[in-house]
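Structural overview
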Amino acid sequence: MSIFDARTSWPDAFDTSTIVVFVMVVVGLPTLGYVFLVLDIRAYLRSLRRALIRVTYYLPEIPKWARYETPPCLRALGLRVPSTEEEVKRAYRRLAEKLHPDRGGDPHRFQLLQEHFEKSRHYVRTVQPEFRSTVR
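Note that the structure is a prediction, hence the values are computed from the model and not measured.

Criteria and cut-off values
- Residues numbered from 1 in each chain as written.
- Predicted model: local features only at pLDDT ≥ 70, side-chain atom pairs only at ≥ 80, totals over all residues.
- Heavy atoms only, no water.
- Helix = DSSP H or I, 4+ residues; strand = E, 2+ residues; numbered from the N terminus.
- Buried < 20%, exposed > 50% of the residue type's maximum accessible area, 1.4 Å probe, protein only.
- Contact = heavy atoms within 4.5 Å.
- Phe/Tyr/Trp six-rings, centres within 6.5 Å; stacked < 30°, edge-to-face > 60°.
- Expected span 1.5 Å × (residues − 1).
- Arc of directions from axis to C-beta.
- Salt bridge = Lys/Arg side-chain N within 4 Å of Asp/Glu carboxyl O.
- Core = buried A, V, L, I, M, F, W, Y, C linked by side-chain atoms within 4.5 Å.

**A closer look at the overall build of the chain**
For the chain, the helix and strand inventory stands at six helices and zero strands. N-terminal to C-terminal, the α/β element order of the chain is α-α-α-α-α-α. For the chain, the proportion of its 136 residues judged to be buried stands at 24%. In the chain, once contacts between residues fewer than 6 apart in sequence are set aside, the share between residues at least 24 apart is 45%.

Below, the structure written as structure tokens:
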């Protein structure tokens, strides 16, 4: 009796599945690599983040997810990240009218407001121009 028996047929189920897996690996992996190369998901996510930051600038209130991007000094004044020095001054004056000790406000809260105002001005002058150059 020989090894090649007439009862066995080629390809059987094991051979077929092995060929299919091999073709999927040989053809599928390079195709998948090309798709990821073309899409470059990281660049897409970076551009999406920049777009979301721009959208938050036009919203009337700061959404919860955008608060993580806003420094505490600007948050205390009720501002968002891309803001100007004039906006910081306006927000400070608006809050200073309410919190000033001569108008019945708490001296400690007014002092904290002054600290936040100074930090916000420093942030807008130094850190934010770098942020704007990366967003645009």
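**Brief notes about the packing of aromatic side chains**
Under the criterion given, the structure shown has one aromatic pair. With a centroid separation of 4.2 Å and 20° between ring planes, the pair formed by Tyr92 and Phe117 is classed as stacked. Here Tyr92, found in helix α5 (residues 85–99), pairs with Phe117, found in helix α6 (residues 107–135); they are 25 residues apart in sequence, far enough to count as distant. For the pair Tyr92 and Phe117, a shared accessibility class is recorded, and that class is buried.

**Examining α5**
Under the 1.5 Å per step criterion, the end-to-end length of α5 is 21 Å for 15 residues, consistent within 8% with the ideal 21 Å. Looking at α5, one finds that the buried residues are Glu85, Val88, Ala91, Tyr92, Leu95, Ala96 and Leu99. Buried positions in α5, seen along its axis, are confined to an arc of 135° and lie on one side of it. The exposed residues of α5 that point more than 90 degrees off its buried face are Arg90, Arg93 and Lys98.

**Details of the pattern of salt bridges**
One side chain can pair with another of opposite charge once the charged atoms of both are near each other. Under the criterion given, the structure shown has two salt bridges. In this structure, the salt-bridge partner of Arg121 is Glu85, at a minimum N-O distance of 3.4 Å. With a gap of 36 residues between them, Arg121 in helix α6 and Glu85 in helix α5 connect regions that are remote in the sequence. Using a relative accessible area of 25% as the deciding quantity, one classes Arg121 as partly exposed.

**Digging into the nonpolar core**
Leu74, Leu77, Leu79, Val88, Tyr92, Phe110 and Leu113 are the most contacted members of the largest nonpolar core, which has 16 residues in total. Those elements giving two or more residues to this core turn out to be α4 (72–77), α5 and α6. Here the element with the most residues in this core is α5; it accounts for six residues.

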